[in-house]
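Examining the three-dimensional arrangement
The residues making up each chain are set out below.
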Amino acid sequence: MSTLTINLVRLPLLSRFKTSFGTETQRCGLILRLRGDGIAAYSECVASSNPYYSYEDNDTALHIIRDHLGKVARGLPSPGEFLERASTVKGHNMAKAAVEMLLWDFHSKRKMKPLHRMLGESKGHADVGISLGIDRTGLMVKRVGEALKRGYKRIKVKIEKGKEYDIVRAVRASFPEIPLSADANACYSVRDVHLLRRLDRFNLLYLEQPLDHDDLIYHARLRKEISTPICLDESISSVDKALKAFEVGAADVVNIKPGRIGGLTNSLEVIRIVRKNKGHVWIGGMLETGIGRSFNIALASHRLVDYAGDTSPNEKYFERDIVKNPFVMDSGIIRPNTGPGIGSEIDERFLEKMTIRSWAA
Ligand SMILES: [Mg+2]
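Small disclaimer: the values here were computed from a predicted structure and weren't measured.

Reading the values: the criteria
Residues numbered from 1 in each chain as written. Predicted model: local features only at pLDDT ≥ 70, side-chain atom pairs only at ≥ 80, totals over all residues. Heavy atoms only, no water. Helix = DSSP H or I, 4+ residues; strand = E, 2+ residues; numbered from the N terminus. Rg over C-alpha atoms; globule rule 2.2 N^0.38 Å. Buried < 20%, exposed > 50% of the residue type's maximum accessible area, 1.4 Å probe, protein only. Contact = heavy atoms within 4.5 Å. Areas by Shrake-Rupley, 256 points an atom, 1.4 Å probe, with all protein chains shown as cover. Expected span 1.5 Å × (residues − 1). Axes fitted to C-alpha atoms, helices over the stretch in contact; angles between N-to-C directions. Left-handed = near helix turned anticlockwise from the far one by under 90°. Core = buried A, V, L, I, M, F, W, Y, C linked by side-chain atoms within 4.5 Å. Salt bridge = Lys/Arg side-chain N within 4 Å of Asp/Glu carboxyl O. Pairing = 2+ DSSP bridges.

On to the overall build of the protein. Scanning the protein for helices and strands turns up 12 helices and 13 strands. The C-alpha atoms of the protein give 19 Å as radius of gyration, which agrees with the globular expectation for 361 residues (21 Å, within 12%). Here the C-alpha coordinates of the protein stretch approximately 60 × 40 × 35 Å along the principal axes. Classification of the 361 residues of the protein by burial places 61% in the buried group. A sequence separation of at least 24 residues applies to 71% of the contacts in the protein between residues at least 6 apart. Here the protein has roughly 14900 Å² of accessible surface; of this, 49% comes from carbon and sulfur atoms.

What follows is the structure, encoded as structure tokens:
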């Protein structure tokens, strides 16, 4: 007999996070808890309260999990079996990922193994970069300096149309040698090639998701017209999209967000596809609490993940986390938890306090 509960939680962010599609001041998300066989497993859905980043949001994810995926999960299938059975539901990869990862935690705990060891060959650590939201140019340069002092191995700046050149130029002028990238969050069109070509002189590690969130074809065209390597993020929403991205030559680098592409099984498959095509791969994050982050860190520790990811420690985002053992970065690396499963100690009282509503699925 197993039970699945879904909590909608609201956590205030320490500082606003601005990207080209909006500004976030709090994280509202779904936390899942599966109890069975004396084990309590947890996961987090990366959907947010609005459909600006993706068509999925907390309401659609709640509906899909409660009405379609919950009963499958309560049968405690392996993550792979779950994905098979969940394939009757089209899309909704954020909802599927939340349940799939819940099952990874459950089965790792059942085997008494840490999650990162369950995922294949582990380096035992994740290399960590930082993603800096859009800010005034002078402040951006200051924040880059602070991040470097803290040991981050790669700096990424968010850019927006019309400001890209000034932002990147200012950072590069102050820090000529650092591994630097820029993330556009899909705010350009193919007609903006002239703007993006101007960034070629700054020797960026990559330009992330310049064009539409769903596009591959125009990225392939752009890739021939600029020398900066292209990293796809939003466009890689499934294993199939990753295969097609390399088929048409749309990417040099891929940012995998497990919570967006159906979970860890699919993420491992995308890692294999990228490396087989001689691309580079790193693991991103989506303002997750310590629960969601623990899955990302475990995956980012995989031997085949070769670039530093956006998996900063949580004190960057939240005053207080819903885990009692948040990750700590040391010299630009974070080590995955060593306990069974995700190894996170859940602060149940704080979780309850931050819960707006909960449901049984
Ligand atoms: Mg991105």
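We are not done yet, so read on.
On to helix α10 (residues 264–276), then. For α10, spanning 13 residues, the distance from its first C-alpha to its last is 18 Å, which sits close to the expected 18 Å at 1.5 Å a residue. Burial in α10 covers these residues: Leu264, Asn266, Ser267, Leu268, Val270, Ile271, Ile273 and Val274. One or two positions beyond α10, positive phi appears at Lys278, with a value near 60°.

A word on the packing of helix α1 (residues 58–74) against helix α3 (residues 93–110). The geometry of α1 relative to α3 is characterised by a closest axis approach of 9 Å and an angle of 35° between their N-to-C directions. Viewed along their axes, α1 and α3 form a crossing whose handedness is right-handed. From α1, Ala61, Ile64, Ile65, Leu69 and Ala73 reach across to α3, where they touch Ala95, Lys96, Ala98, Val99 and Leu103.

Another point: the nonpolar core. With 87 residues, the main nonpolar core has Ile155, Val157, Ile159, Val168, Ile256, Val270 and Ile291 as its most contacted residues. Sequence-distant contacts of Val168, that is, excluding residues within four places in its chain, are made with Val157, Ile159, Leu180, Ala182, Leu199, Phe202 and Leu204. Of all hydrophobic cores here, the second largest spans 34 residues; its members include Leu8, Ala73, Leu102 and Met286.

Okay, the pattern of salt bridges next. All chains considered together, the criterion is met by 26 salt bridges. A salt bridge links Arg33 to Glu348, with the shortest nitrogen-to-oxygen separation between them at 2.7 Å. Taken together, the positions of Arg33 in strand β2 (residues 22–36) and Glu348 in helix α12 (residues 348–354) put the pair 315 residues apart, joining distant regions of the chain. In this structure Arg33 comes out as buried when scored by relative accessible area, which is 11%. A salt bridge links Asp214 to Lys241; its shortest N-O distance comes to 2.9 Å. Separated by 27 residues along the polypeptide, Asp214 in the loop between β8 (207–208) and α8 (217–225) and Lys241 in helix α9 (residues 239–247) bring together distant segments of the chain. Given a relative accessible area of 44%, Asp214 falls into the partly exposed group. The structure contains a network of salt bridges with shared partners spanning Arg154, Lys156, Lys158, Asp183, Glu208 and Asp310.

Bringing the sheet that holds strand β9 (residues 230–232) into the picture now. The parallel open sheet is built from seven strands, whose spatial order is β5-β6-β7-β8-β9-β10-β11. The sheet is open, and its two borders are formed by β5 (130–132) and β11 (280–283), each paired with just one other strand. Where strand β7 (residues 180–183) lies against β8, two bridges are found, and the strand directions are parallel. Across the sheet, the residue bridging to Asp183 is Glu208, located in β8. Contacting β10 (253–256) and β11, α10 crosses the sheet at an angle of about 175° to β10.

So, to be careful, I would describe these as geometric facts and stop short of saying anything about function.
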